[in-house]
Amino acid sequence: MLLNDVLHESSADWWNKALYILDKLFGFESGGNSKLKRVKQVFDQKSGEHVIYLEYRVRAANQSPIQTHLNSNSKVKVDKNKKGSK
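Note that the structure is predicted; figures quoted are calculated from it, not measured.

### What to know about the side chain of Ser 34
- Structurally, the position occupied by Ser 34 is in strand E1 (residues 34-44).
- Separated by 3.1 Å, the side chains of Ser 34 and Asp 23 make a polar contact.

Quick look at the structure:
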């Protein structure tokens, strides 16, 4: 698949092909485990450019979420000697 072919497709097909390209670029299998969405779009006044933020997410077949454990010693300590404003 050539990049030039991707750019001439309809917008719905473009997103699917962009996912395919990102999967290949980062070394993931194209099995429907990836998502691409536009997060936000802004205009940069300094440079005169449109800036579009994309989010690419992929779930690898052999990975699961990392479990984190809360440490009981990580509580926020309050300074009892500090006087609050009245």
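That covers the picture; the talk isn't over yet.
### Some words on a nonpolar patch on the surface
- Where nonpolar side chains cluster on the molecular surface, the patch consists of Trp 15, Ile 52 and Leu 54 and spans about 270 Å² of accessible area.
- Position of Ile 52 among the secondary structure elements: in strand E2 (residues 49-58).

### Focus: the confidence of the model for the protein
- On average, residues of the protein score 79 in pLDDT, and 70% of them are at 70 or above.
- Of all the helices and strands in the protein, helix H1 (residues 3-7) carries the lowest mean pLDDT, 59, while E2 carries the highest, 94.

### Describing helix H2 (residues 11-26)
- Compared with the 22 Å implied by 1.5 Å per residue over 16 residues, the 22 Å span of H2 between its first and last C-alpha is a close match.
- Regarding H2, the residues found buried are Ala 18, Leu 19, Leu 22 and Asp 23. The buried side chains of H2 occupy one side of the element, clustering within an arc of 135° when seen end-on. Opposite the packed face of H2, turned more than 90 degrees from it, sit the exposed residues Lys 24 and Leu 25.
- Of the surrounding secondary structure, the elements contacted by the buried residues of H2 are E1 and E2.

### Considerations on the environment of Gly 32
- Checked against the element boundaries, Gly 32 lands in the loop between H2 and E1.
- Relative accessible area serves as the criterion here: at 69%, Gly 32 is assigned to the exposed category.
- Each C-alpha atom of the pair Gly 32 and Arg 59 lies 9.2 Å from the other, and the pair is 27 residues apart in sequence.

### Brief notes about the packing of aromatic side chains
- This structure, assessed with the given rule, holds two aromatic pairs.
- For the ring pair Trp 14 and Trp 15, a centre distance of 5.3 Å and an interplane angle of 90° mean the geometry is edge-to-face.
- Residue classification places Trp 14 among the partly exposed positions, given a relative accessible area of 28%.
- Classification of Trp 15 by relative accessible area gives partly exposed; the value is 31%.
- Measuring from ring centre to ring centre gives 5.8 Å for Phe 26 and Tyr 56, while their planes differ by 25°; the resulting arrangement is stacked.

Definitions and limits used
Residues numbered from 1 in each chain as written. Predicted model: local features only at pLDDT ≥ 70, side-chain atom pairs only at ≥ 80, totals over all residues. Heavy atoms only, no water. Helix = DSSP H or I, 4+ residues; strand = E, 2+ residues; numbered from the N terminus. Polar contact = N/O pair within 3.5 Å; in protein donor to acceptor, adjacent residues only side chain to side chain. Patch = residues over 30% accessible without salt bridge, like charges linked within 9 Å, V, L, I, M, F, W, Y side chains within 5 Å. Areas by Shrake-Rupley, 256 points an atom, 1.4 Å probe, with all protein chains shown as cover. Salt bridge = Lys/Arg side-chain N within 4 Å of Asp/Glu carboxyl O. pLDDT = per-residue confidence, 0-100. Expected span 1.5 Å × (residues − 1). Buried < 20%, exposed > 50% of the residue type's maximum accessible area, 1.4 Å probe, protein only. Arc of directions from axis to C-beta. Contact = heavy atoms within 4.5 Å. Phe/Tyr/Trp six-rings, centres within 6.5 Å; stacked < 30°, edge-to-face > 60°.

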